[in-house]
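Listed below, chain by chain, are the residues.
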Amino acid sequence: MARSQSRLAAEIDFERNGKQHGFIRLPYSVHRSAYGWIPIPVASIKNGKGPRILLMAGNHGDEYEGQVALGKLIRSLEPAEISGRIIILPSANFPAAMAGMRTSPLDEGNLNRSFPGDPYGGPTAQIADYIESVLLPQCDFVFDFHSGGSSLTYVPSALMRRPQTTAALAQGIEMLRTFGAPVAYLVDAALGDHTLTAAAARAGVRHMSAELAGGGQVTPAALRILEAGLRRVLTLVGALGGEPRRPRHRPGSCRCAALTTMSMRPIPGSSSRWSNWATR
Ligand SMILES: [Zn+2]
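Residues numbered from 1 in each chain as written. Predicted model: local features only at pLDDT ≥ 70, side-chain atom pairs only at ≥ 80, totals over all residues.

### Observations regarding the overall build of the chain
Secondary structure assignment for the chain yields six helices and twelve strands. Here the chain holds 280 residues, and the buried ones make up 44% of them. Residue pairs in contact within the chain that sit at least 24 positions apart in sequence constitute 70% of those at least 6 positions apart. (Helix = DSSP H or I, 4+ residues; strand = E, 2+ residues; numbered from the N terminus. Buried ≥ 20, exposed ≤ 12 C-beta atoms within 10 Å, placed from the backbone. Contact = placed C-beta atoms within 7 Å.)

Dropping the structure here:
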């Protein structure tokens, strides 16, 4: 394992076979609790050798789709169904998730702008450091589920940083198509070096993210896209048995697009919560 000065400690043993759940404890000494700690929910489902996967949601606390879907997955998935290990972090920035906010009420930290983190920083920086320095080095894949949160809504979509080799690019596009969201795209270092996407690239961990609608609510349609797509991708990488079934795209209708760059900009003069951000 690479650098690890993290003070965070998991209650569960990621090397043990079977299904475990508990908390990652983040020491938090404050006026009302000298030896208090922040509980970050975590689960590990392991069955022998196979792909090592990290599933994340609640990177932003007001993005509920992934948190709901991964909570359901923790309750339903059994070790006998999988090969390898799936670590599930359903509410990664737990203080933000408890507050229903994009950022942490403890330090205003935006987890997905906090990587590589700081083991001696505030709670959000410490969570980022733990994910980058402890969890990612023991994983082959990380899938991170976002949405528009309270301030915007996305067309349900999947994305990843553009892989740098021809073979990895082909595998990446296969993964995006297999996930089967209505839209998929590749990004070139969008949002800089402080995202989980960048952390995964630094760690050499294959990454895919999704933006599942949002608007401060959860729709059954967005959940269906996430849950069905995740099962297909877990099958594709060999964590679930069987043949990966492609989503039904009519020939020529697939909108998986390889974009050169994605940038986000406010639409001048717009104040609508639904339309004040756009991709181009
Ligand atoms: Zn997000």
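### Let's talk about unusual backbone geometry
Cis rather than trans, the peptide bond between Phe 115 and Pro 116 has omega equal to 5 degrees. Assignment of secondary structure puts Pro 116 in the loop between α2 (94-99) and α3 (123-135). At Ala 213, a position not held by glycine, the phi torsion is positive, near 65 degrees. Residue placement: Ala 213 occurs in the loop between β9 (206-211) and α6 (220-236).

### Observations concerning the nonpolar core
Leu 54, Ile 88, Leu 136 and Val 142 are the most contacted members of the largest nonpolar core, which has 72 residues in total. With residues up to four places along the chain from it excluded, the contact list for Leu 54 reads Ile 87, Leu 89, Leu 135, Leu 136, Cys 139 and Val 142. (Core = buried A, V, L, I, M, F, W, Y, C linked by C-beta atoms within 7 Å.)

### Remarks on helix α1 (residues 64-76)
Between its terminal C-alpha atoms α1 stretches 18 Å, which fits the 18 Å expected from 13 residues at 1.5 Å a residue. Every buried residue of α1 is listed here: Tyr 64, Glu 65, Gly 66, Gln 67, Ala 69, Leu 70 and Leu 73. Considering only its buried residues, α1 is in contact with β4 (52-57), β5 (84-89), α2, β6 (141-146) and α6. (Expected span 1.5 Å × (residues − 1).)

### Overview of the environment of Gly 122
Mapped onto the fold, Gly 122 is located in the loop between α2 and α3. Taking the C-beta count within 10 Å as the criterion, Gly 122 has 16 such neighbours and is therefore assigned partly exposed. Sequence separation between Gly 122 and Leu 106 is 16 residues, and the spatial gap between their C-alpha atoms is 8.3 Å. Excluding anything up to four places from it in sequence, Gly 122 contacts Leu 106, Asp 107 and Gly 109.

### Section: the pairing of β9
Extensive coverage of β9 is indicated by the burial of six of its six residues. Residues of β9 alternate between two faces, with Arg 206, Met 208 and Ala 210 on one and His 207, Ser 209 and Glu 211 on the opposite face, all of them buried. In the sheet, β6 pairs with β9 via six bridges, with the strands oriented parallel. From the neighbouring strand, His 146 faces β9, where its bridge partner is Glu 211. Of the pairings in the sheet, the one linking strand β7 (residues 157-161) to β9 comprises three bridges and is antiparallel in character. If you follow Leu 159 over to β9, its bridge partner there is Ser 209. (Pairing = 2+ DSSP bridges.)

### Focus on the packing of helix α4 (residues 166-179) against α6
In contact at an axis separation of 8 Å, α4 and α6 are set at 145 degrees when each is read in the N-to-C sense. For the pair α4 and α6, contact is made by Met 175, Thr 178 and Phe 179 and by Gly 229, Arg 232, Val 233 and Leu 236, respectively. Split into classes, the residues belonging to the contact of α4 with α6 amount to four nonpolar, two polar and one charged. (Axes fitted to C-alpha atoms, helices over the stretch in contact; angles between N-to-C directions. Nonpolar A, V, L, I, M, F, W, Y, C, P; charged D, E, K, R; others polar.)

### As for the packing of α1 against α6
Where α1 contacts α6, the axes come no closer than 10 Å and their chain directions differ by 55 degrees. What the angle tells us is that α1 and α6 run oblique. As α1 runs across α6, the sense of the crossing is right-handed. Contacts between α1 and α6 involve Glu 65, Gly 66, Val 68 and Ala 69 from the first element and Ala 222, Leu 223, Leu 226 and Glu 227 from the second. Counted by class, the contact of α1 with α6 contains five nonpolar, one polar and two charged residues. (Parallel < 35°, antiparallel > 145°, perpendicular 65-115°, else oblique. Left-handed = near helix turned anticlockwise from the far one by under 90°.)

Any functional reading would require information beyond the geometric quantities listed.
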